[in-house]
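# Structural characterization, general
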Amino acid sequence: MSPQRIVVKFGTKLLCGGGEQLDHVIMADLIDQVATLHRGGAQVAIVSSGAVAAGRARVGAAPTRDIQRRQVLAAIGQGQLIERYDRLLREHGLIAAQALLTRADLADRAGYLNARNTLEGLLAAGGTDRGARGVIPIINENDVVAHEELRGGAFGENDSLSALVANLLDADLLVMLSDVAGLYDRDPATYPEARLIAVAEADAARQAQTTGAAGQGRGGMRAKVEAATRATAAGTTVVIAHGEEPQALVRIARGESLGTRFPARATRLESRKRWLLSDVSTTGEITVDAGAVEALRRQGRSLLPAGIVAVRGPFERGDIVEVRDPDGARLGVGISDYTSDDVERIRGRRSSEITTTLGYAYGDEVIHRNNLALA
């Protein structure tokens, strides 16, 4: 199994096995598969539904569509859900780390970087190469402060969230496991002769039959296909499959044809580079020395403060800035992890001096290589 970064989404209906409560046997099997991937060298992040179902089971409540009531149940159920994951992961020597997100968290540039850096740190802490105990992020929509009726505040369902997380983490693979086998050429509930589509093109949303979001889940096939379309455009391959298929996650990660696969329409680097280079609203400039030019262009490294000789602002953390060589020629563009004032204070210094100079640090790099596109 080749090392890769995988985001896996577990739907409510899958986690409950078609019932009203979280199914311990199903969840244990899914976590067994996550542990197998981790042992094989993969970095895995889980986007999980199920908080409302867990809260409902905890207080003995009946299913409801009332928004406020669902938020209350989600608040109760989040603790129950993460406790269940932590207990199951602990059996494999792994640690669960909870992250609750809303769209507003990622729309704000600083919030986007904070979320990305935190999740990157969690995945790095889970690396087997350091001999550390593995950390598995468990990500969910923050239903307590976000729902469909809030203006732009909610993902609406975790299918969309999983695509955003895959983009946030530059994932190689997004696996969406639910209670359906994949995308069919027509609704299999109505047409028994419906055919499963093994490989779908980017415009497959037009082919998708809305299977509805009745019952516990808020998704449906159309939402899954739309999420897959967004993720593939950002360079992530997506697979939609039935989660109760034996060892589904492990088999998909190994390249076996299962469910419906949506091939990435560009490499992650190409997608990020096109986005950065097409952005004309740069807000500042960073000039680097010859050594930094060599490190960036020939060695593919991140931009460190030691190689910076001049700063022109103002710009904020998360803004896109131009990077120029000593002669003033445009070297590329990138997303700055620091404000222009911060960069001015740390330019020419070693990364180890950032904390002592600023009193805080967002990382060793001013611009990470994943957020840098050379012209």
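These numbers were taken from a predicted model, which means no experiment stands behind them.

### Quick look at the overall build of the protein chain
When helices and strands are counted, the protein chain shows 13 helices and 12 strands. In the protein chain, which comprises 375 residues, the share counted as buried stands at 51%. When contacts within the protein chain are restricted to residue pairs at least 6 apart in sequence, long-range pairs at least 24 apart make up 70% of them. Carbon and sulfur atoms provide 48% of the accessible area of the protein chain, an area that totals close to 16700 Å².

### Looking at the sheet that holds strand β3 (residues 94–101)
With respect to topology, seven strands assemble into an open sheet ordered β3-β4-β2-β1-β5-β6-β7, the strand pairing being mixed. Single-partner strands in this sheet number two, and they are β3 and β7 (260–262). The sheet shows a mean angle of 20° between the axes of neighbouring strands, taken without regard to direction. In this sheet, strand β4 (residues 134–141) lies alongside β3 in parallel orientation, the contact comprising eight bridges. Within β4, the position partnered with I95 by the bridge is V135.

### What about the side chain of S48?
On the secondary structure map, S48 appears in strand β2 (residues 43–48). When its relative accessible area of 0% is taken as the criterion, S48 is described as buried. S48 has contacts with F10, L15, L81, Y85, I138, I139, N140 and N158, leaving out every residue within four places of it along the chain.

### Things to note about the environment of V25
With respect to the helices and strands, V25 occurs in helix α2 (residues 24–39). Here the alpha-carbon distance between V25 and L15, two residues 10 residues apart in the chain, equals 9.3 Å.

### Considerations on the nonpolar core
Grouped together as the largest cluster of nonpolar side chains are 45 residues, with contacts concentrated most on F10, I46, Y85 and L177. Counting residues per element, this core draws most heavily on α2, at eight residues. The contact partners of F10, leaving out residues within four places of it in the chain, are L15, L30, V34, I46, V47, S48, S49, Y85 and L177. Counting 39 residues, the second-largest nonpolar core is a separate cluster that includes A115, I197, M221 and A228.

### Notes on the packing of α2 against helix α4 (residues 67–90)
Each packed pair of helices is defined by two parameters, the angle between the axes and the distance between the axes. Look at α2 against α4: their axes get within 10 Å of each other, and the N-to-C directions meet at 55°. Compared by their axis directions, α2 and α4 come out oblique. Considering the relative orientation of α2 and α4, their crossing is right-handed. Residues H24, M27, A28 and I31 of α2 pack against L81, R84, Y85, R87, L88 and L89 of α4. Its residues assigned to classes, the contact of α2 with α4 comprises seven nonpolar, one polar and two charged.

### Section: the pairing of β4
Among the eight residues in β4, eight count as buried, and that is most of the element. Burial along β4 is two-sided: G134, I136, I138 and N140 facing one way and V135, P137, I139 and E141 facing the other are all buried. Here β2 runs beside β4; their pairing, made up of two bridges, is parallel. By the bridge assignment for β4, V47 is matched with I139.

### Description of unusual backbone geometry
Trans peptide bonds make up the majority, and among non-glycine residues the majority have a negative phi. In the segment running from G313 into P314, the intervening peptide bond is cis, with an omega of 5°. As for its position among the elements, P314 is in the loop between β9 (308–312) and β10 (320–324). Of note, D170 is a non-glycine position whose phi angle comes to about 50°, a positive value. Structurally, the position occupied by D170 is in the loop between α7 (158–168) and β5 (173–178). Here D170 falls in the buried class, since its relative accessible area comes to 16%. Notably, Q247 is not glycine yet its phi reads approximately 50°, a positive angle. Here Q247 lies in the loop between β6 (237–242) and α9 (248–253).

### Observations regarding a nonpolar patch on the surface
On the surface, a cluster of nonpolar side chains totalling about 200 Å² of accessible area is made up of V59, V72 and I76. In this fold, V72 is placed in helix α4.

### A few points about α2
Spanning 16 residues, α2 covers 22 Å between terminal C-alpha atoms, matching the ideal 22 Å at 1.5 Å per step. Taken as a whole, α2 has its buried residues at I26, M27, A28, L30, I31, Q33, V34, A35, L37 and H38. Backbone geometry just downstream of α2 places G41 in the positive-phi region, at approximately 105°.

So, how was this worked out
Residues numbered from 1 in each chain as written. Predicted model: local features only at pLDDT ≥ 70, side-chain atom pairs only at ≥ 80, totals over all residues. Heavy atoms only, no water. Helix = DSSP H or I, 4+ residues; strand = E, 2+ residues; numbered from the N terminus. Buried < 20%, exposed > 50% of the residue type's maximum accessible area, 1.4 Å probe, protein only. Contact = heavy atoms within 4.5 Å. Areas by Shrake-Rupley, 256 points an atom, 1.4 Å probe, with all protein chains shown as cover. Pairing = 2+ DSSP bridges. Axes fitted to C-alpha atoms, helices over the stretch in contact; angles between N-to-C directions. Core = buried A, V, L, I, M, F, W, Y, C linked by side-chain atoms within 4.5 Å. Parallel < 35°, antiparallel > 145°, perpendicular 65-115°, else oblique. Left-handed = near helix turned anticlockwise from the far one by under 90°. Nonpolar A, V, L, I, M, F, W, Y, C, P; charged D, E, K, R; others polar. Patch = residues over 30% accessible without salt bridge, like charges linked within 9 Å, V, L, I, M, F, W, Y side chains within 5 Å. Salt bridge = Lys/Arg side-chain N within 4 Å of Asp/Glu carboxyl O. Expected span 1.5 Å × (residues − 1).

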